[in-house]
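Residues per chain are reported as follows:
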Amino acid sequence: MRFIIFVASIIFFISCTPSKKNNLECCFKQIKIKIESRSDTILNSLKYSSINSYGNYSKIIHESVLENSKQNLDCSSAIDSFMIANKQNSITVNNLILFQQFQSYLKNEKFDFSNAYKKALKYEKKYGNK
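Predicted, not measured: the structure shown is a model, and the values here were computed from it. Within each chain, residue numbers correspond to sequence positions counted from 1 in written order. Residue-level local features of this predicted model are given only where pLDDT is at least 70; pairs of side-chain atoms are given and counted only at 80 or more, and the full residue set underlies all totals for whole chains, interfaces and linings. To get the side-chain values, all heavy atoms of the structure are used, and hydrogens and water are removed first.

1. Digging into helix H5 (residues 74–85)
So, step 1. Between its first and last C-alpha atoms H5 spans 16 Å; for 12 residues at 1.5 Å apiece the expected length is 16 Å, and the two agree.
So, step 2. Working definition: with a 1.4 Å probe on protein chains only, accessible area under 20% of the residue-type maximum means buried, over 50% means exposed, and in between means partly exposed. Numbering of helices and strands starts at the N terminus; helices are DSSP runs of H or I of at least 4 residues and strands are runs of E of at least 2. All of the buried residues along H5 are Cys75, Ser76, Ala78, Ile79 and Phe82. Looking down the long axis of H5, one finds its buried residues gathered within 160° of arc, a one-sided arrangement. Away from the buried face of H5 by more than 90 degrees, exposed residues Ile84 and Ala85 are located.
So, step 3. In this structure, the buried side of H5 is in contact with helix H2 (23–38), helix H4 (54–71), helix H6 (91–107) and helix H7 (113–127). What a helix should span is 1.5 Å times the count of its residues minus one. As used here, the arc is the angular range of directions from the helix axis to the C-beta atoms. Contact between two residues is taken to exist if any of their heavy atoms lie within 4.5 Å; hydrogens are not considered.

2. Observations regarding unusual backbone geometry
So, step 1. Here Asn108, not a glycine, exhibits a phi torsion of approximately 60°, which is positive.
So, step 2. Mapping Asn108 onto the fold places it in the loop between H6 and H7.

3. Structural notes on the side chain of Asn68
So, step 1. Relative to the assigned elements, Asn68 resides in helix H4.
So, step 2. A relative accessible area of 5% places Asn68 in the buried class.
So, step 3. Sequence-distant contacts of Asn68, that is, excluding residues within four places in its chain, are made with Gln30, Lys34 and Cys75.

4. Let's talk about the environment of Ser49
So, step 1. Residue position: Ser49 is located in the loop between helix H3 (40–47) and H4.
So, step 2. Separated by 54 residues in sequence, Ser49 and Gln103 have C-alpha atoms that sit 8.6 Å apart.
So, step 3. Those residues in contact with Ser49 that sit more than four places away from it in its chain are Tyr57, Phe99 and Gln103.
So, step 4. Polar contacts, as counted here, are pairs of nitrogen or oxygen atoms within 3.5 Å of one another; within protein the pair requires one atom able to donate a hydrogen and one able to accept it, and residues that are adjacent in sequence qualify only if both atoms are side-chain atoms. Here Ser53 takes part through its side chain, which lies 2.9 Å from a polar atom of the side chain of Ser49.

5. Description of the pattern of salt bridges
If the charged atoms of two oppositely charged side chains come close together, the side chains can form a pair.
So, step 1. One speaks of a salt bridge when a side-chain nitrogen belonging to Lys or Arg is within 4 Å of a carboxyl oxygen belonging to Asp or Glu. Across all of its chains, the model carries three salt bridges by this definition.
So, step 2. Here Arg38 and Glu63 are joined by a salt bridge, their closest N and O atoms 3.1 Å apart. Linking Arg38 in helix H2 with Glu63 in helix H4, this pair joins segments that are 25 residues apart in sequence.
So, step 3. With relative accessibility at 35%, the residue Arg38 sits in the partly exposed group.
So, step 4. With its nearest N and O atoms 2.2 Å apart, the salt bridge here joins Glu67 to Arg38. A residue pair is termed long-range when its members are at least 10 positions apart, and Glu67 in helix H4 and Arg38 in helix H2 qualify at 29 residues.
So, step 5. Judged by relative accessible area, which is 32%, Glu67 ranks as partly exposed.

6. Digging into the confidence of the model for the protein
So, step 1. Summing up the model confidence of the protein, the mean pLDDT is 84 and the portion of residues at 70 or higher is 82%.
So, step 2. Within a predicted model, pLDDT stands for the predictor's per-residue confidence, ranging from 0 to 100. Least confident of the elements in the protein is helix H1 (residues 2–15), whose mean pLDDT is 46; most confident is H6, at 96.
So, step 3. Confidence drops under a pLDDT of 50 for residues 1–15, and excluding neighbours within four residues, the segment shows 13 contacts in the predicted structure.

7. Considering the nonpolar core
So, step 1. Ranked by size, the top nonpolar core spans 27 residues in total, and within it Ile31, Ile61 and Phe102 carry the most contacts.
So, step 2. Mapped onto this core, the elements with two or more residues apiece are H2, H3, H4, H5, H6 and H7.
So, step 3. In terms of residues, this core owes the most to one element, H6, which gives eight residues.
So, step 4. For Ile31, the residues in contact, after removing those within four places along its chain, are Ser64, Val65, Cys75 and Phe102. Side-chain atoms within 4.5 Å are what join buried Ala, Val, Leu, Ile, Met, Phe, Trp, Tyr and Cys residues into a set we call a nonpolar core.

In structure tokens:
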């Protein structure tokens, strides 16, 4: 298992050069690898869950980002850049947008920022900043 993770990490570093993918996509790939190393069934359920289930997955995503940040600053730097670029949003809205963008990445779908933003605002209005 460790060998597979090691090989996946090498492939990641080769395939995630700045010229090929943006930093956020590389971050998502790293998060995916970290979560897969724990359980691939979590990824499948996360991929197709509604925005209302964000709380069910936020901890594992956060832990994966923190783990990755210890080894490589690309992920935390990509998320920081996203947060700075979208500083007019609340942290909750930005986290919900990133959650939906990660789901799009997992599904290999084009991400619709506008739609994700609307859903995040609706979620925040309904559930508040919990």
